[in-house]
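What follows is the residue order along each chain.
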Amino acid sequence: MAQNVLTFTDRGIYCPAGDFYIDPWRPVDRALITHGHADHARPGHRRYLCTDACAPVMRHRLGNIFVETVKFGEIRKIGDASVSFHPAGHLPGSAQIRVEVAGEVWVASGDYKVIPDGISEPFEPVACHSFITECTFGLPVFKWDDQKTVANDLNTWWAQNAADGKASILGAYSLGKAQRLLAMVDPEIGPILTHGAVENTNEVLRHQGYSLPNTIHVTPALNAKDYPGALVIAPPSALGSHWARRFGPSSTAFASGWMRLRGVRRRRAADRGFVISDHADWDGLMSAIRNTGAENIYATHGYTDIFARWLNTQGYNAQVLKTEFGTEDDDIEASTGATV
């Protein structure tokens, strides 16, 4: 019975009892979506179901789509399956999806982190028999510093640059990471400028009631000289570009869990790397899995083979689940088989 709650197809994770897919990567009739990153929320599906907090970002990114919404914890009956969405802590509105069929419970976690970040709905463990987990950072080397420590380092870097007459250009993905960093920085240091991709997402989230500091959209008409010592938040692709050169003398930085690895820091060619991720580190993955009480673990997008082998030595029934996730998310690097 257990293997029929969710099955794994070339379109995505499928529930036969409810005739729906979770984060499918090819067009389907009904898609349940964990969060708005493009590798999980793709265009082309006939119907979407997500949390009410996720829907505005999905509409912003995907355009005129048919979206139904549920609140966190609300139970929705779909066919013979009972479905509910629970906070994943990955970014605002992100969810784990709980699916119950005939008393058997599976949870598809999407992407998650277990440490509160001050803006996303905090992760909630969900008891289940089978747990589908990401393992983007599924090696013991990945352990995150306290967010207050990283915030202090980030603000010290910005303040020193401002004192030196430099702009501080920080590469951060436009959905999730950028807003988390905005919640961490001290706006008293100076003005905060944002790339259009970041600012458009900020506006969507502000309209939903998420609290963010004031930011200034960098338009073609903006004169960077009017904002000395500014912090500039932009997508990573903007670092070193013609767009970034308008700010004159500057220091650049990149914020990612991959900054824990020296080789990645060198390849990024930024002046600074801040180790901060919207994915769980090794300890977070272990605690999340332990708190589900699940015996069956399916590892996806990350160090899947190594991670599954380790879990099997710890008494779990762990398998690797091949998916097409990991093409846009905020902490993907070549060592996972994907690129930033």
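Each chain carries its own residue numbering, running from 1 in the direction its sequence is written. Given that the model is predicted, a residue must reach a pLDDT of at least 70 before its local features are reported, and side-chain atom pairs must reach 80 or more before they are shown or counted; all residues, however, enter totals for whole chains, interfaces and linings. The side-chain numbers reported here are obtained from all heavy atoms of the structure, hydrogens and water having been left aside.

Moving on to the overall build of the protein chain. Summing up its helical and strand segments, the protein chain has eight helices and 19 strands in all. A compact globule built from 340 residues should have a C-alpha radius of gyration of about 20 Å, and the protein chain, at 20 Å, falls within 12% of that. The principal-axis extent of the C-alpha atoms belonging to the protein chain is close to 65 × 45 × 30 Å. Residue exposure (1.4 Å probe, protein chains only): buried if accessible area is under 20% of the type maximum, exposed if over 50%, otherwise partly exposed. When burial is assessed residue by residue, the protein chain has 57% of its 340 residues classed as buried. Any two residues whose heavy atoms approach within 4.5 Å at even a single point are treated as in contact. Of the contacts made within the protein chain by residues no fewer than 6 positions apart, 60% connect residues no fewer than 24 positions apart. All accessible areas in this document rest on Shrake-Rupley with a 1.4 Å probe, and a residue is counted as covered only by the protein chains that are shown. Accessible surface, the protein chain: about 13800 Å² in total, of which carbon and sulfur atoms supply 49%. Distance between charge centres in the protein chain, computed from 32 positive and 37 negative side chains, equals 4 Å. Under the scheme used here, helices are H or I runs from DSSP no shorter than 4 residues and strands are E runs no shorter than 2 residues, and both carry numbers assigned from the N terminus. Only C-alpha atoms enter the radius of gyration, while the globule expectation follows 2.2 Å times N to the 0.38, with N the number of residues. His is not counted, nor are the chain ends; Lys and Arg add positive charge and Asp and Glu add negative charge. Lysine's charge is taken at NZ, arginine's at CZ, aspartate's at CG and glutamate's at CD.

Now for the packing of aromatic side chains. Ring pairs (aromatic) are described by centroid distance and by the angle formed between their planes. Aromatic pairs are defined between Phe, Tyr and Trp rings, using the six-membered ring for Trp, whenever the two ring centres lie within 6.5 Å; interplanar angles under 30 degrees are classed as stacked, those over 60 as edge-to-face, and all others as tilted. Following the criterion strictly, the structure yields 19 aromatic pairs and no others. Ring plane angle 85 degrees and centroid distance 5.0 Å describe the contact between Phe137 and Trp144, whose orientation is recorded as edge-to-face. For the pair Phe137 and Trp144, one class covers both residues: buried.

Okay, the side chain of Thr136 next. Here Thr136 shows up in the loop between β11 (130–135) and α2 (147–163). Looking at Thr136, its side chain comes within polar contact range of the side chain of His279, at 3.4 Å. Any pair of nitrogen or oxygen atoms within 3.5 Å is treated as a polar contact; in protein, a donor-acceptor pairing is required on top of that, and neighbouring residues in sequence qualify only through side-chain atoms on both sides.

We now examine the nonpolar core. Membership of the largest hydrophobic core comes to 29 residues, with the highest contact counts inside it found for Leu154, Trp157, Leu170, Leu181, Leu231, Ile233 and Phe274. Broken down by secondary-structure element, the contributors of at least two residues to this core are α2, α3 (177–184), α4 (196–207), β15 (231–234) and β16 (250–255). The biggest single contributor to this core is α2, with five residues. Contact partners of Leu170, with chain neighbours within four places excluded, come to Leu154, Leu181, Leu231, Val232, Ile233, Ala234, Leu239, Ala253, Phe254, Ala255 and Phe274. In this description, a nonpolar core means a group of buried Ala, Val, Leu, Ile, Met, Phe, Trp, Tyr and Cys residues linked to one another through side-chain atoms lying within 4.5 Å.

This part covers the sheet that holds strand β19 (residues 317–320). Strands were regarded as paired on the criterion that DSSP finds at least two bridges between them. The strand order across the open sheet built from seven strands is β7-β8-β9-β10-β11-β18-β19, with neighbouring strands paired in mixed fashion. Each end of this open sheet is capped by a strand with a single partner; those strands are β7 (76–78) and β19. The average undirected angle you get between the axes of adjacent strands in this sheet is 25 degrees. Where strand β10 (residues 104–108) and β11 come together, three bridges link them in parallel fashion. Following the sheet pairing, Trp106 is matched in β11 by Ser130. Angles run from 0 to 180 degrees between N-to-C directions of axes, and those axes are lines fitted to C-alpha atoms, restricted for helices to the stretch in contact.

A separate point is the sheet that holds strand β13 (residues 192–194). Taken in spatial order, the six strands line up as β14-β13-β15-β12-β16-β17 in an open sheet, and their pairing is parallel. Every other strand in the sheet has two partners, leaving β14 (216–217) and β17 (272–274) as the edge strands with one partner each. Packed on one face of the sheet, α2 meets β12 (167–171), β13, β15, β16 and β17 and runs near 155 degrees to β17.

This brings us to the packing of helix α7 (residues 282–292) against helix α8 (residues 304–313). Describing two packed helices takes the angle between their axes plus the distance from one axis to the other. Where α7 contacts α8, the two axes come as close as 13 Å, and the packing angle between them is 50 degrees. Taken together, α7 and α8 sit at an angle that is classed as oblique. You can see that α7 and α8 cross each other, and the crossing is right-handed. Residues Trp282, Leu285, Met286 and Ile289 of α7 form the contact with α8, whose participating residues are Phe307, Trp310 and Leu311. Nonpolar residues are Ala, Val, Leu, Ile, Met, Phe, Trp, Tyr, Cys and Pro. Charged residues are Asp, Glu, Lys and Arg, and all others, Gly as well, are polar. The residue makeup of the contact of α7 with α8, split by class, is seven nonpolar, no polar and no charged. Angles are sorted into four bins: roughly parallel if under 35 degrees, roughly antiparallel if over 145, roughly perpendicular if 65 to 115, and oblique for all others. By convention the crossing between two helices is left-handed if the near helix lies anticlockwise of the far one by an angle smaller than a right angle, and right-handed if it lies clockwise.

In this section: unusual backbone geometry. For Asp23, which is not glycine, the phi dihedral falls at a positive 50 degrees. As for its position among the elements, Asp23 is in the loop between β3 (20–22) and β4 (30–32). With a relative accessible area of 2%, Asp23 lands in the buried category. At Ala102, a residue that is not glycine, the phi angle is positive and equals roughly 50 degrees.

Right, let's talk about the confidence of the model for the protein chain for a bit. Taken as a whole, the protein chain shows an average pLDDT of 92; of its residues, 93% reach a score of 70 or greater. pLDDT is a residue-level measure of predictor confidence that goes from 0 to 100. Residue range residues 332–340 is modelled with pLDDT below 50. Its contacts to residues more than four positions away, or to other chains, number 21 contacts.

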